[in-house]
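# Residue-level structural notes
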Amino acid sequence: MMRNILLIGGSSGIGLAAKNLLESQGNKVIATSRSTFEATNPQATLSIPESLDGLVYCPGTINLKPFHRLTDQEFLTDWEVNFLGATRALRLALPSLKKAPSASVVLFSTVAVKCGMPMHASIASAKGAVEGLTRSLAAEWAPKIRVNAIAPSLTETPLAAGILADDKRREAAAERHPLKMIGQAEHSAELVSYLLSDASRFTTGQILRPDGGLSSLRLF
Ligand SMILES: NC(=O)c1ccc[n+]([C@@H]2O[C@H](COP(=O)([O-])OP(=O)(O)OC[C@H]3O[C@@H](n4cnc5c(N)ncnc54)[C@H](OP(=O)(O)O)[C@@H]3O)[C@@H](O)[C@H]2O)c1
């Protein structure tokens, strides 16, 4: 079935992989990035079809620092891109999501919300708010609009390029995961496709975790 899907942040990384996968499945994807929708601008508008079956919000940040070096401005920037931008996209899309017979929203969190990690205070706080938003809206908009989030671990995208800059760092990152690998954009893109599809029609208010087991397992 062809669906109308609005994908915020479809020009790189997970968003781009999701766009390619959703289009290959016959969906109509309206993809944006900063040139067409600046998530941190409260006045930003978007041209949205009359009826929308899905909304995916991908913009995110990685600003890893010890707490004592984080400024108010850095907390605010992470909050704007990760959380407020999502609420702005949701506000713009809601009238069209309501017009579809059933609709699905996919937001992005991070493994660092469930599993505390040093240097992640700012991003984990902003994404923690996204997880709270996910469950609140899932309750408020049931049964017509489902709302779920994906919380990946380190994933090979332009956003994580600095952290995965050389083979040594990539191998060390893979070693930290019970499944002994780092995430690929496709791992999360496949979950986006699942959460937008009828296959997940009994699933709402959930956080799915493509994290190689990092947040839940300890291998002795
Ligand atoms: N990669 C990881 O290791 C990892 C780990 C945990 C969670 N995540 C989460 O997964 C999601 C996707 O991450 P990714 O790695 O695919 O990121 P990415 O490669 O940086 O892609 C982000 C997309 O969002 C757009 N974007 C960024 N800032 C924006 C803004 N202010 N307004 C509008 N669009 C904006 C970018 O397009 P333009 O730059 O062209 O505007 C791009 O299309 C994020 O929410 C991230 O926090 C990623």
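Here, every reference points to the structure presented above.
Everything in this summary refers to the structure shown in the same document. Just so we're clear, the structure is a prediction, and the values are computed from it rather than from any experiment.

## Topic: the packing of helix α2 (residues 72–99) against helix α4 (residues 121–141)
α4 packs onto α2 with a crossing angle of 20 degrees between their chain directions and a minimal axis gap of 7 Å. As judged from the angle between their axes, α2 and α4 are roughly parallel. Where α2 crosses over α4, the two elements pack in a sense that is right-handed. Along its contact with α2, which presents E74, F75, D78, W79, N82, F83, T87, L90 and L94, the element α4 presents A121, S122, I123, S125, A126, K127, A129, V130, L133, L137 and W141. Of the residues in the contact of α2 with α4, the class split is 13 nonpolar, four polar and three charged.

## Things to note about the pattern of salt bridges
Using the criterion set out here, one finds seven salt bridges in the structure. Salt-bridge contacts for E80 lead to R88; the nearest nitrogen and oxygen are separated by 3.0 Å. Assessed through its relative accessible area of 23%, E80 is described here as partly exposed. E175 is the partner of K180 in a salt bridge, and the nearest nitrogen-oxygen pair spans 3.2 Å. K180 sits in the partly exposed class, given a relative accessible area of 44%. According to the relative accessible area criterion, E175 is exposed, its value standing at 52%. When salt bridges with common partners are traced through the structure, they connect E156, D167 and R170 into a single cluster.

## Considering the packing of aromatic side chains
Counting across every chain of the model gives two aromatic pairs. Ring centres of F67 and F75 lie 6.3 Å apart, and the angle between their planes is 65 degrees; this geometry places the pair in the edge-to-face category. Owing to a relative accessible area of 59%, F67 belongs among the exposed residues under this scheme. When the ring of W79 is compared with that of F83, the centres are 4.3 Å apart and the planes differ by 20 degrees; the resulting orientation is stacked. In this pair, W79 and F83 are both assigned in helix α2, four residues apart and thus about one turn of the helix distant.

## Description of the site of the ligand
With respect to spatial proximity, 27 residues lie near the ligand, and among them S11, I14, R34, T155 and T157 are the closest. Within the contact set of the ligand, an oxygen atom lies 2.8 Å away from a side-chain nitrogen or oxygen of S12. Residue P59 places a main-chain N or O atom 3.3 Å away from an oxygen atom belonging to the ligand. Notes on the ligand: free accessible area 890 Å², of which the protein chains cover 90%.

## Quick look at the sheet that holds strand β8 (residues 207–208)
Strand order in this open sheet of six strands is β2-β1-β3-β4-β5-β8, and the pairing throughout is parallel. Bordering the open sheet on either side are β2 (28–32) and β8, each of which pairs with just one other strand. In this structure, strand β1 (residues 4–8) lies alongside strand β3 (residues 54–57), joined through four bridges in parallel fashion. Note on β3: the bridge partner recorded for L7 is V56.

The rules behind these values
Residues numbered from 1 in each chain as written. Predicted model: local features only at pLDDT ≥ 70, side-chain atom pairs only at ≥ 80, totals over all residues. Heavy atoms only, no water. Axes fitted to C-alpha atoms, helices over the stretch in contact; angles between N-to-C directions. Helix = DSSP H or I, 4+ residues; strand = E, 2+ residues; numbered from the N terminus. Parallel < 35°, antiparallel > 145°, perpendicular 65-115°, else oblique. Left-handed = near helix turned anticlockwise from the far one by under 90°. Contact = heavy atoms within 4.5 Å. Nonpolar A, V, L, I, M, F, W, Y, C, P; charged D, E, K, R; others polar. Salt bridge = Lys/Arg side-chain N within 4 Å of Asp/Glu carboxyl O. Buried < 20%, exposed > 50% of the residue type's maximum accessible area, 1.4 Å probe, protein only. Phe/Tyr/Trp six-rings, centres within 6.5 Å; stacked < 30°, edge-to-face > 60°. Near = heavy atom within 4 Å. Polar contact = N/O pair within 3.5 Å; in protein donor to acceptor, adjacent residues only side chain to side chain. Areas by Shrake-Rupley, 256 points an atom, 1.4 Å probe, with all protein chains shown as cover. Pairing = 2+ DSSP bridges.

On their own, these measurements won't tell you what the molecule is for.
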